[in-house]
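Okay, here's what each chain looks like letter by letter:
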Amino acid sequence: MMIVVTGATGQLGRLVVEGLLERMPAAELAVAVRSPEKAADWAARGVEVREADYGRPETLVGAFRAGETVLLVSGSEVGARVPQHTAVVEAAAAAGVARLVYTGVLGGDEATFDLAAEHRATEAAILASGLPYTFLRNGWYTENYTAGAAGAVERGVVLGSSGDGRLATAARADYAAAAVAVLTGEGHENRAYELSGDTSWSLAEYAAELASRSGRPVAYHDVAPEEHRDALVGAGLPDVFAAILVDVDAAVRRGELDRDRGVLSALIGRPTTPLADSVEAALGR
């Protein structure tokens with residue numbers, strides 16, 4: 001049975017495709033991407049490449065076929081994802097795919113932070129379509145923080161407004177492994193998985209880890225949400241994204257990103273990647 005991965009040239013999608021190629025022949029795998037030329041490396045390895053731009057529904061008409069299992073990797077255009085995802089769901093339903101797997105957010109319909117709204121709407125569209133589904137409700141990626149590790153070490157400061165709140169994050173590769181498991185395994189139909197790391201940490205503990213790994217002083221500065229937002233905007237972040245990050249810190253304070261530990265590691269058959277390992281990889285030491 002053919003497996004189709006959308007968003008396969010993105011960071012998560014690429015890891016999923018690599019994982020699938022370790023388990024199945026390339027001839028049984030297709031990638032549906034916005035820019036087919038960026039998937040030339042997959043084509044060279046025998047993977048079928050199809051055009052599928054979430055924002056251009058006409059490209060979705062031939063992107064899926066009856067009986068296929070499709071991974072819908074959530075889009076990156078915050079604010080536009082509901083119509084984009086809905087277009088993918090409608091195209092998949094019209095094609096008669098066997099199952100639609102979706103990468104949502106931890107908490108699903110229980111999540112109250114703003115970023116979860118588009119994921120809730122997408123899950124509702126999938127349920128309304130009548131398609132068999134699997135919801136992969138991914139927690140926060142450790143890379144959301146370690147991508148800025150070098151800068152934090154340089155400044156000596158991790159800035160946030162999450163107080164003593166804790167995050168049970170996992171590495172992007174851990175979430176990719178979960179997608180591979182449900183795409184190739186059995187017994188996952190019409191199930192939702194709440195996925196997070198095995199252990200949790202606070203931003204103060206993250207700062208301490210940066211200091212330990214770099215040998216330089218790094219401290220966590222907890223500020224009021226308004227000050228946090230102003231600092232992010234002052235650093236060049238657009239208002240909308242600054243507001244999203246501040247809202248996520250509020251969710252961290254409420255404990256919404258520290259839940260359901262152990263589900264992800266059970267699904268992938270190994271422990272999730274420790275924070276220390278991710279920090280070490282980010283700092284190159």
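Below is a summary of the structure that appears in this document. (Residues numbered from 1 in each chain as written. Predicted model: local features only at pLDDT ≥ 70, side-chain atom pairs only at ≥ 80, totals over all residues. Heavy atoms only, no water.)

1. A word on the packing of aromatic side chains
And step 1. Under the defined criterion, the tally for this structure stands at five aromatic pairs.
And step 2. On the basis of an interplanar angle of 25° and a centroid distance of 4.9 Å, the ring pair of Y141 and Y175 is categorised as stacked. A residue pair is termed long-range when its members are at least 10 positions apart, and Y141 in the loop between β6 (133–138) and α5 (143–146) and Y175 in helix α7 (residues 172–184) qualify at 34 residues.
And step 3. Residue Y141 is classed as buried on the basis of its relative accessible area, which comes to 15%.
And step 4. For Y175, a relative accessible area of 1% gives the class buried. (Phe/Tyr/Trp six-rings, centres within 6.5 Å; stacked < 30°, edge-to-face > 60°. Helix = DSSP H or I, 4+ residues; strand = E, 2+ residues; numbered from the N terminus. Buried < 20%, exposed > 50% of the residue type's maximum accessible area, 1.4 Å probe, protein only.)

2. Some points on the pairing of strand β2 (residues 29–33)
And step 1. Within β2, five of the five residues are buried, which leaves the element mostly enclosed by the surrounding structure.
And step 2. Bridging between strand β1 (residues 3–6) and β2 involves four bridges; their strand directions are parallel. Paired with V5 across the bridge in β2 is V31.
And step 3. What joins β1 to β2 is helix α1 (residues 11–21), and the crossover it makes is right-handed.
And step 4. As paired elements, β2 and strand β3 (residues 48–51) share four bridges and run parallel to each other. Of the residues in β3, the one forming a bridge with V31 is V49. (Pairing = 2+ DSSP bridges. Right-handed = clockwise from strand over helix to strand, strands pointing away.)

3. What to know about the pattern of salt bridges
And step 1. Evaluated as defined, the whole model comprises 23 salt bridges.
And step 2. One salt bridge connects E48 with R50, and the closest N-O pair in it is separated by 3.1 Å.
And step 3. In this structure E48 comes out as partly exposed when scored by relative accessible area, which is 26%.
And step 4. Between E209 and R213 there is a salt bridge whose closest N-O contact spans 3.0 Å. A residue pair is termed a helical-turn pair when its members lie 3 or 4 positions apart in one helix, as E209 and R213 do in helix α8 (residues 203–214) at four residues. (Salt bridge = Lys/Arg side-chain N within 4 Å of Asp/Glu carboxyl O.)

4. Considering the packing of helix α9 (residues 225–234) against helix α10 (residues 239–253)
A packed helix pair is summarised by two numbers, namely the angle formed by the two axes and the spacing between the axes.
And step 1. Interhelical geometry of α9 versus α10 gives an angle of 145° and a closest axis separation of 9 Å. The interaxial crossing formed by α9 with α10 has right-handed handedness. On α10, the residues touching P225, H228, R229, L232 and V233 of α9 are D239, A242, L245, V246, D249 and R253. (Axes fitted to C-alpha atoms, helices over the stretch in contact; angles between N-to-C directions. Left-handed = near helix turned anticlockwise from the far one by under 90°. Contact = heavy atoms within 4.5 Å.)

5. Some points on the sheet that holds β1
And step 1. What the seven strands build is an open sheet, ordered β3-β2-β1-β4-β5-β6-β8; its pairing is parallel. Each having just a single partner strand, β3 and β8 (191–195) make up the two edges of the open sheet. The mean inter-strand angle of the sheet, taken between neighbouring strand axes irrespective of direction, is 20°.
And step 2. Inspection of the sheet shows strand β4 (residues 69–72) paired to strand β5 (residues 99–105) by four bridges, in the parallel sense. Within β5, the residue paired with L71 across the bridge is V101.
And step 3. Sheet contacts for α1: β1, β2, β4, β5 and β6; angle to β1, the most-contacted strand, approximately 160°.
And step 4. Contacting β4, β5 and β6, helix α4 (residues 116–129) crosses the sheet at an angle of about 165° to β5.

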